[in-house]
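Now for the letters of each chain:
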Amino acid sequence: MMDFPCVRWQEYAAQKWVGLEPELKERFTSLHDVDDVFKCSLTLTTEDDLDFVQSICTGHSVQKDTEQAAKCRERGNSSFKSRDYTAAAMHYSQGICFAPISSKQLVSCFANRSAALYHLQHISVSVFPQESLEDIDEALKNGYPSHLLHKLEERRTQCLKHLSAGQKAKEAHHNTASKNHEGRDPEGPLTFGICPHASVGFSLEKGRHLVAADRIAAGDVILHDRPYSCVLIPGMEEVKGKGARQNKERRVLFGMEHRRCHRCLTETLRPVPCQWCSYSRYCSTSCQRDAWEEHHRWECPLGADLMVMGVMSQLALRVTLKAGLKNIKMARDPIRDKHTESEPSCLNRESSDSSPCHTSYCSDSYLSVFHLLHHLDHHSPGLRFLYAVTVATLYLKLIKAGPPPASWDLSGNSQSPDEEGGFRDWSSELWLLGSAVLRHILQLRCNAQAIVMLQDTGAANSPVQSSMEIRIATAIFPTLSLLNHSCCPNTSLVFSSGTSAVSSGSDLSADLSERVADDRSTACGVTVTVRAAKVIAPGQEILHCYGPHSSRMATKERQHLLQEQYYFLCQCEACTLQQEEDEEGIEGTQQWLGTDGSPHKSGLLCGKCKESLKNSSEDRGLGFLCSSCGHRVPSSEVNHKLQEIRVDLEKAVDLMERDRPDEALSLLKRTQCQSGLILAETHPLQGELADATARAYATMGDWNNAASHLERSSAAIGSQYGADSIELSRQLFKLAQLHFNGGARGPALSVIPEVRRLLCLHCGPQCPELQELQAMEDCLRG
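Quantities reported herein were computed from a predicted structural model and do not represent experimental measurements. (Residues numbered from 1 in each chain as written. Predicted model: local features only at pLDDT ≥ 70, side-chain atom pairs only at ≥ 80, totals over all residues. Heavy atoms only, no water.)

A. Examining the pairing of strand β5 (residues 229-232) more closely. Burial along β5 is two-sided: Ser229 and Val231 and Cys230 and Leu232, pointing in opposite directions, are all buried. Alignment of β5 against strand β11 (residues 467-476), held across four bridges, turns out to be antiparallel. Paired with Ser229 across the two strands is Ile476, which belongs to β11. (Buried < 20%, exposed > 50% of the residue type's maximum accessible area, 1.4 Å probe, protein only. Helix = DSSP H or I, 4+ residues; strand = E, 2+ residues; numbered from the N terminus. Pairing = 2+ DSSP bridges.)

B. A look at the pattern of salt bridges. Taken as a whole, this structure holds 30 salt bridges when the rule is applied. Glu267 is paired through a salt bridge with Arg259; the nearest N and O atoms lie 2.6 Å apart. Residue class for Glu267 comes out partly exposed when judged on its relative accessible area of 39%. Accessibility expressed as a relative area gives 11% for Arg259, which makes it buried. Bridged by salt links that share partners, the residues Arg113, Glu134, Asp135 and Arg270 form one connected network. (Salt bridge = Lys/Arg side-chain N within 4 Å of Asp/Glu carboxyl O.)

C. Examining the sheet that holds strand β14 (residues 527-532) more closely. The strand order across the open sheet formed by four strands is β1-β4-β14-β13, and the pairing between neighbours is antiparallel. If you trace the sheet from one side to the other, it starts and ends with β1 (193-194) and β13 (491-496), each paired once. Here two bridges tie β1 to strand β4 (residues 221-225), and the two strands are oriented antiparallel to one another. Bridged to Ile194 within β4 is Leu223. Sitting on the sheet, helix α25 (residues 745-763) touches β13 and β14, and the angle it makes with β14 is about 120 degrees. (Contact = heavy atoms within 4.5 Å. Axes fitted to C-alpha atoms, helices over the stretch in contact; angles between N-to-C directions.)

D. The arrangement of the packing of aromatic side chains in detail. Going through the model one piece at a time under the given rule, you end up with 14 aromatic pairs. Three or more aromatic residues joined by ring pairs form one cluster here, namely Trp9, Tyr12 and Phe52. The side chain of Arg226 reaches across the aromatic face of Phe192, ending 3.9 Å from its centre. Between Arg297 and the ring centre of Trp298, over which it is positioned, the NZ or CZ distance is 5.3 Å. (Phe/Tyr/Trp six-rings, centres within 6.5 Å; stacked < 30°, edge-to-face > 60°. Lys NZ or Arg CZ within 6 Å of the ring centre and 35° of its normal.)

Okay, here's the thing in structure tokens:
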């Protein structure tokens, strides 16, 4: 992943560590204070190190580039001609980001993107005429050729007509919706922080943690939190054009960094670029301005360096720049932190070095971030050295890039470069910046939170929703960090970004143009909502999962991962209840725990009598034993058969991606015949096969068979994840869609209430899927 620095820098740092004199190694390893480690790393970082970083940044240029802008515009023109307007808009956006200010390419890309957005507004409810109008204005402002002005004016006229018609339709819809929802009590605007029914507890064993002060009902909101800071993860994802002629052989891929605001993570087809680099982009001028003032004015000249140094390095630097010298000095105040950091003996990522009430838990509280455990002594010497040299290198590059951030300027005076190219006032107390960055990068190994969103993975014209969770960013959440880990948690987390987290329903003002612009500029950014996944009794600890979950991994694997990354041996309820044979660790064969902590069977069948197989306790590692007839099956044989099934499943999915569902269905039927010989209906792999078969039938329009197989898949999902799981809700939501599309009124109406219950439990009453469910139910009831 991009969390760590690039491989070449890791290898360079490892060689540097190996080549250190023994006394320097011993001195570095003996340091137990973050300040001392940073100061030592500064003395070990040389000009050669900076030159090496420069050499590996050559493939990560973030400079404006007219030639690249022209290529992006040409790709956009090609997508536009094939009526793939989404891809066209994104290519033009790339061109806008590459194009220098006032260049011809910038003007052309703005004008062309306005055309793509104009066509998209007719086929996508998420694209507004205002967006096309704003691009028209940008093209005119940057010198659009006068002999072509008539094209833009014609487009402007059509957008204004569409805008007026849309406003009237929205007002009519709002009046109807107000009547239909009269008397309902939806969730109001978000209130950030911890709910009154939960409180912060403290113990030497667990540090600060969250407990239920009163009974918390399933589905109740426990807390809303915003990240103190976050960084998008560069990566590739497919963009499927709506209304485009699908071409499966020529997929258009864009990275996450191309699709979302680099400050609030809002998804946008019309990003506002940084004026100086080609990488950073934002959903609005407001986010662009705030990011510039908060961190980007110092990150901008280091763009390529930060890309090779990894997401964690950038996030640690961003947290420090946002905090500023004053907040860091306050956090370091010994009066606030009287005790030395004690050795953690618990799951908690929070420091146990101070009283439970000295920190304010809100998204802008730097104190709560600063006092997270950094586990300096738990990191291996080599890893500690990698982090320290990485931070020292960035610090030295920052000195060369310009004067200190305004929040770090002690003198308040403008500064000029000294004879060596650096800035004089980066000395004295400003080394605290480097020390703080190192502290935060050490903390992030245990305290970073992945921000995940549901990504549509189905074809643009698919009648059935298909989605999966993808990681879009890494963040640090002050309040969320209070929650300890459990492999079988009693909470569920939902992330939202941009305006999606803001309650809607207010009337648009007469000046729609101004209103839309205001809405974008006041986007609340990414938020996380923690809800109770089950009833939590008073005094019971509130827990969430750091990643390894009992429904997905065997105990041995979970405990290994948690020990390796978080430095504790998990003794949660799931780990305590799991039996020894569950730790076999063979893919697809281990037992798993349900959400109630009870163990399921392995899901493997005896080839002779069809009874359940279990791990052989007598011949650990050698295979499985049938408790009924005594037949033994070697582990190698089981693994081989499971691998064959998985390979066939992947082939079938690939056939469907290439619009060959009939061939995929034939392969799936053969595979299911084979899997039925060794897998119970509730085995996770059987669930995947049934889901893929349902997808094939649905693609061919056979709704009844599709629903039948999805019911089998739902049974397997419920067995693995539990009857109240978010995973089951997504599967049942697809089942409701299939019944609806197939005109099966009774089955659809019977499953909708359960889907509604599960979605409300995990996502709250305002989630978009509930609106679709309501529309289906209203239609079915006539």
